[in-house]
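# Summary of the model geometry
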Amino acid sequence: MEGCGEDGQVKLLGVIRSPFVVRVRIALALKGIHCEFIEEDVLNNKSELLLQSNPVHKKIPVLIHNGKPVCESMIIVQYIEEAWDSKAPFLMPRDPYDRAIARFWAAFIDDKVIPSILGAFRGQGEEQQKAVEESVANLLLLEEVLRSTGKAYFGGDGIGLVDIALGGLLVLIQTVEKVTNIVLIDTQKTPLLSAWADQFCKADKVKNAFPDRAELFAFLSARRAKLTSPPPGN
Amino acid sequence: MATEGEKEQVKLLGVTLSPFVVRVRIALALKGIDYEFIQETMQPKSELLLKSNPVHKKIPVLIHNGKPVCESTVIVQYIEEAWGSKAPNLMPKDPYDRAVARFWAAFVDDKIFPSMRGVFLGQGEQLQKAVEESVTNFLLIEEALRTNQCFAGKAYFGGDQIGLVDIALGGLSAFIKGLEKATDSVLIDPEKMPLLSAWMDRFCKSDGVREVMPDFTKQAEFISTRRASMISPPTAK
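Rules used in this analysis
Residues numbered from 1 in each chain as written. Chains lettered and ligands numbered in written order. Predicted model: local features only at pLDDT ≥ 70, side-chain atom pairs only at ≥ 80, totals over all residues. Heavy atoms only, no water. Helix = DSSP H or I, 4+ residues; strand = E, 2+ residues; numbered from the N terminus. Rg over C-alpha atoms; globule rule 2.2 N^0.38 Å. Buried < 20%, exposed > 50% of the residue type's maximum accessible area, 1.4 Å probe, protein only. Contact = heavy atoms within 4.5 Å. Areas by Shrake-Rupley, 256 points an atom, 1.4 Å probe, with all protein chains shown as cover. Lys, Arg positive; Asp, Glu negative; His and termini not counted. Charge placed at Lys NZ, Arg CZ, Asp CG, Glu CD. Pairing = 2+ DSSP bridges. Axes fitted to C-alpha atoms, helices over the stretch in contact; angles between N-to-C directions. UniProt positions renumbered as here; feature names shortened; annotations may be inferred. Buried area = accessible area lost by both parts, 1.4 Å probe. Salt bridge = Lys/Arg side-chain N within 4 Å of Asp/Glu carboxyl O. 1 Å grid on protein atoms, 1.4 Å probe; cavity = no way out; pocket = protein on both sides within 12 Å on 5 of 7 lines; lining within 4 Å. Points joined across faces, edges and corners; volume = space filled by probe spheres on them. Core = buried A, V, L, I, M, F, W, Y, C linked by side-chain atoms within 4.5 Å.

### Quick notes on the overall build of chain A
When helices and strands are tallied, chain A shows nine helices and four strands. In summary, chain A has a C-alpha radius of gyration of 18 Å against a globular reference of 17 Å for 234 residues, a match within 12%. Considered along the principal axes of its C-alpha atoms, chain A spans approximately 60 × 45 × 30 Å. Out of the 234 residues belonging to chain A, those deemed buried represent 51%. Within chain A, residue pairs in contact and separated by at least 24 positions form 69% of the contacts whose partners lie at least 6 positions apart. About 11400 Å² of surface is accessible on chain A, with carbon and sulfur atoms providing 51% of the total. Separation of charge centres in chain A, based on 27 positive and 30 negative side chains, amounts to 2 Å.

### Thoughts on the overall build of chain B
Scanning chain B from terminus to terminus reveals nine helices and four strands. When the helices and strands of chain B are listed from N to C terminus, the series reads β-α-β-α-β-β-α-α-α-α-α-α-α. Taken over C-alpha atoms, the radius of gyration comes to 18 Å for chain B, in line with the 18 Å a tight globule of 237 residues would show. Its C-alpha atoms give chain B principal-axis dimensions of roughly 65 × 45 × 30 Å. Per-residue burial over chain B gives 51% buried out of 237 residues.

### Side note on the sheet that holds strand E4 (residues 68–71) of chain A
Residue and element names in this part refer to chain A. Read from one edge to the other, the open sheet built from four strands follows the order E2-E1-E3-E4, with strand pairing classed as mixed. Only two strands of the sheet have a single partner each, and these edge strands are strand E2 (36–39) and E4. In this sheet, neighbouring strand axes are inclined to one another by 25° on average, regardless of whether the strands run parallel or antiparallel. Taken together, the four bridges between strand E1 (residues 10–14) and E2 define a ladder with parallel strand orientation. Bridging across to E2, Leu 13 finds its partner in Ile 38.

### A word on the UniProt feature "domain: GST N-terminal" (unreviewed entry) in chain B
As recorded in UniProt, the sites labelled "domain: GST N-terminal" (unreviewed entry) are residues 8–87 of chain B. As annotated, residues 8–87 of chain B has a helix share of 38% and a strand share of 21%, and its two end C-alpha atoms lie 17 Å apart.

### Observations regarding the UniProt feature "domain: GST C-terminal" (unreviewed entry) in chain B
The sites that carry the UniProt feature "domain: GST C-terminal" (unreviewed entry) are, in the present numbering, residues 94–231 of chain B. Across residues 94–231 of chain B one finds 70% helix and 0% strand; the C-alpha atoms that close the span lie 49 Å apart.

### Remarks on the interface of chain A and chain B
Chain A puts 25 residues into the contact, and the matching count from chain B is 25 residues. Interface of chain A and chain B: buried area, both sides summed, is about 2200 Å²; carbon and sulfur atoms make up 69% of it. Where chain A packs against chain B, one counts four salt bridges. Secondary-structure elements contributing two or more residues to the side of chain A that touches chain B are E4, helix H3 (73–83) and helix H4 (96–122) of chain A. It is H4(A) that provides the largest number of residues to the side of chain A that touches chain B, a total of eleven residues.

### Observations regarding the pairing of strand E4 (residues 67–70) of chain B
Working note: regular strand, side chains alternate between the two faces of the sheet. Relative to E4(B), strand E3 (residues 61–64) of chain B runs antiparallel, the two being bridged by four bridges. Looking at E4(B), one finds that Val61(B) is bridged to Cys70(B).

### Side note on the environment of Asn53(B)
Residue and element names in this part refer to chain B. Examined against the element boundaries, Asn 53 turns out to sit in the loop between helix H2 (47–52) and E3. For Asn 53, a relative accessible area of 2% corresponds to the buried category. Asn 53 sits 146 residues away from Trp 199 along the chain, and the two C-alpha atoms are 33 Å apart.

### Quick word on empty space enclosed by the protein
Residues and elements named next belong to chain B. Scanning the entire structure with this criterion turns up one cavity of 30 Å³ or more. Looking at the largest cavity, its volume works out to about 30 Å³. Lining the largest cavity we find Arg 23, Thr 73, Val 76, Leu 164, Ile 167 and Ala 168. Going through the elements one at a time, helix H3 (72–82) and helix H6 (164–170) are the ones with two or more residues in the lining of the largest cavity. Residue contributions to the lining of the largest cavity peak at three residues, all from H6.

### Concerning the nonpolar core
Nonpolar side chains in soluble globular proteins generally cluster together in the buried interior. Counting residues in hydrophobic clusters, the biggest one holds 156 residues, and the most contacted among them are Leu63(A), Leu142(A), Leu166(A), Trp196(A), Leu62(B), Trp104(B) and Phe138(B). Ranked by residues supplied to this core, first place goes to helix H4 (residues 95–121) of chain B with 15 residues.

### What to know about the pattern of salt bridges
Considering all chains together, one arrives at 13 salt bridges over all chains under this definition. The closest approach of N and O atoms between Glu143(B) and Arg146(B), which form a salt bridge, is 2.6 Å. On the criterion of helical spacing, the pair formed by Glu143(B) and Arg146(B) is a turn pair, its members being three residues apart in helix H5 (residues 124–147). In this structure Glu143(B) comes out as partly exposed when scored by relative accessible area, which is 35%. Linked through salt bridges whose partners overlap, the residues forming this network are Glu82(A), Arg98(B) and Arg102(B).

### Considerations on unusual backbone geometry
Between Ala88(A) and Pro89(A) the backbone carries a cis peptide bond, its omega angle lying at 0°. Considering the arrangement of structural elements, one finds Pro89(A) in the loop between H3 and H4. Residue Pro44(B) is bonded to the preceding Gln43(B) through a cis peptide linkage, with omega at 0°. Inspection of the secondary structure puts Pro44(B) in the loop between strand E2 (36–39) and H2.

Here it is, written out as structure tokens:
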């Protein structure tokens, strides 16, 4: 039966297109944890279960493990790592310093990368240009990390916390590029990051966690159109 | 001060009035870790700061045996893990309790601090709005203290001892009190938030905390000075 057994009862509240939900789905898939996915109508009708499970933020994703809710995507990913700590692969390094570096870059992705990419999606003209420059600068810093470690993934030889933090955003980033006609992950400026993105998208188990690209393109196009449509006349 | 032959060399780059620096100092004090405090000049930022935190160029930075760790919440978790065998433990053992601790620490960073920053920067109507937002956020913490199984009835968010959430929120105590004084507002009302109020008093008096918590009056004066310099002179009509 899905969602039960040795892993306990695992439910995930979310919407498939959300990069934060994708992050959690990737972590669950990598660890081979079976989970019941509950699709939420976040725009119009949040479920009682969601409001009860995340009363503070009322946001998805929420992981509910044996009835106990965990909120905030990167906290959920670390929870998955720790609650299933005997299940390979390990998503966090062993060494405390390496763990601190992983947490630093995961925080950087949440605090800097995401806002700049959203700015590029939502902005127009000069504002958009500024957000694009900021996004590229942020991604260059991540390029530098890959360059200095010389490894295939941020987690080393395998996918780790930072790969999941950024990888969860990949389909969103690539779709934003298409919808707005801008380049964020540039094969020339960020060759290693480009190669990492290709590899990540093809990785076993990971790709099933991604949203449908065509659907996301349609969704974001509609959003962009609304944002850029001229205001009604007086 | 680190001496030749000493096993661990720990330096903390920061300024004494920064609530983020206070967090780290509390964690180091609780673990009984000796360190060299390097007062950062900030204007201009020192070579050491720019080298150690090239991404954000911010304090605090912990430098452990030459290796820098940045971001206060990351540093506190690092201190817990690098000195994992040293009591007290700043994080619970159980994975679920750890997730709850991280959730509330993130709430302090993502909601409480920005609303406080709004109070710090705000004037008039904007200030009022920021005060209301802050009170709403603090009320959520009060609610958690009252009803969350991990916290209810305990002396600290960490249980019998100070933990991550206590440090994350408690590190801001002087900043919160200083803001109240400097803006003549009430953010943590003992009547509306009895548990939070009592917790903050208890926290500020605790060993390891009181030695590094900035004086509230000094903090208030610093904030007042900064706020005064932000108000632009009136423009001619």
